[in-house]
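Each chain, letter by letter, is given below.
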Amino acid sequence: MKQDIFGLTIEELQATLTAKGMKAFRAKQVFQWLYQKSVFDFSTMRNLSKADIALLEENFTMLPRRIAVLREQNSGDGLTSKLLLGLPDGNSVETVLMRHDYGCSVCVSSQVGCDMHCAFCASGLNGAVRNLSAAEIIAQVYLFNERLREENTVVSRVVVMGSGEPMLNFDAVMGALDFLHREDTCRMSYRNMTISTCGIIPGIRRLAEQGKPINLAVSLHAVRSELRTSLMPVNKGFPFADVIAAAEAYSEAGGRQVTYEYILLKDKNDSVQDAELLSNYLRFKHASVNLIPANPVPEQGFERPSRQRVERFLKILQKNRINATVRKEMGKDIDAACGQLRAKFAKEQEHT
């Protein structure tokens, strides 16, 4: 059986290739092709000999070539691309490229599916199947880097905000981010990385212990306890007030402002009372609020508030001196919400 070498550090790759008889400096060349040039076909690594290429093809595989693009959606403005990736074991995950004026960012998934069962989210419709490996998370970035090669650019930011709860796959997520940070791979600053959690407090504390300036985003979505529990069952185990306290401790430890994500759901959490309560909980916190008008998920029955109600909510926060913005919408004309494309594909497969 061939060994997959994608995601190995240079030291691990050298040990693996030299064990098969290759010279150590060849491993460095292979590493550069993989992570600095985003080339995943041994036959196109031009500075390798035919014998080396034959040895590599006989003994090794690379994950990006074992991943199938099952579906692809591109927004009409050309700024957003969403891929449904078929993994070698038959599972699938989504990943999204967003083009900004400051560079390209990729939203990666950390699990196949999700066990958080947030009422408004498509990711958890069928629960979590398994954690992704660090290599599978890294591959989501590099599949887009390969596509961006012709434009002479690369992904410069990553947000772990796709399907899954990153704090429940902490080691693999951190392994992937540490790999992308390396000088000999993407050289991506930790300050250009964001981990989004629905409020797993032990994970927030572990992240603080890392001492790395990674951005923390917290999916809050309600500050009335019964409402948040109905929307996000995780609130039973980790009440939002305790989550805010843990996030504030993270901010104080590293000096990084925490972003609170708040999906606005028509007639659910978008009232004047909700805006005032949210202001009260975040007043004097080192925090900002990212308001997200809901992307309707047909299976869940939630609707998007009117523009007027969104503006009203925003103005109340700003009046109360809470740093708040409405998220710039990207990919509205495609299946933008996490898990939508995967859920649609699964439904299509059931009827074939």
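Below: a short report on this structure. (Residues numbered from 1 in each chain as written. Predicted model: local features only at pLDDT ≥ 70, side-chain atom pairs only at ≥ 80, totals over all residues. Heavy atoms only, no water.)

## So, the overall build of the chain
Looking only at helices and strands, the chain features 12 helices and 14 strands. Whereas a compact globule of 352 residues would reach a radius of gyration of roughly 20 Å, the chain reaches 21 Å, a difference of no more than 12%. Along the longest, intermediate and shortest principal axes, the C-alpha atoms of the chain span 70 × 50 × 35 Å. Classification of the 352 residues of the chain by burial places 54% in the buried group. Nonlocal contacts in the chain, meaning residues at least 24 apart in sequence, comprise 66% of its contacts between residues at least 6 apart. Total accessible area on the chain is roughly 16,000 Å²; 48% of this is exposed by carbon and sulfur atoms. Side-chain charges in the chain split into 44 positive and 40 negative, and the spacing between the mean points of these groups amounts to 3 Å. (Helix = DSSP H or I, 4+ residues; strand = E, 2+ residues; numbered from the N terminus. Rg over C-alpha atoms; globule rule 2.2 N^0.38 Å. Buried < 20%, exposed > 50% of the residue type's maximum accessible area, 1.4 Å probe, protein only. Contact = heavy atoms within 4.5 Å. Areas by Shrake-Rupley, 256 points an atom, 1.4 Å probe, with all protein chains shown as cover. Lys, Arg positive; Asp, Glu negative; His and termini not counted. Charge placed at Lys NZ, Arg CZ, Asp CG, Glu CD.)

## Section: the pairing of strand β13 (residues 287–293)
Counted residue by residue, β13 has seven buried out of seven residues, so it is predominantly covered. Neither face of β13 is left uncovered, since the one carrying A287, V289, L291 and P293 and the one carrying S288, N290 and I292 both have all their residues buried. The pairing of strand β12 (residues 258–264) with β13 spans seven bridges and is classified as parallel. Bridge assignment links I263 to a residue of β13, and that residue is I292. With helix α10 (residues 272–282) bridging β12 and the parallel β13, this β-α-β connection has right-handed handedness. Looking at chain direction, β13 and strand β14 (residues 323–326) are connected through four bridges and run parallel. The residue of β14 that forms the bridge with L291 is V326. (Pairing = 2+ DSSP bridges. Right-handed = clockwise from strand over helix to strand, strands pointing away.)

## Some details on the sheet that holds strand β10 (residues 193–197)
A sheet is described by the order of its strands in space; here 10 strands give the open sequence β3-β4-β5-β6-β9-β10-β11-β12-β13-β14, paired in mixed fashion. Edge positions in the sheet fall to β3 (68–74) and β14, since each has one partner strand and no second. Each adjacent strand pair in this sheet contributes to an overall mean axis angle of 20°, direction not counted. With five bridges connecting them, strand β6 (residues 103–108) and strand β9 (residues 155–160) associate as parallel partners. Counted as the bridge partner of C104 is V155 from β9. (Axes fitted to C-alpha atoms, helices over the stretch in contact; angles between N-to-C directions.)

Purely geometric stuff here, so don't read any function into it on its own.
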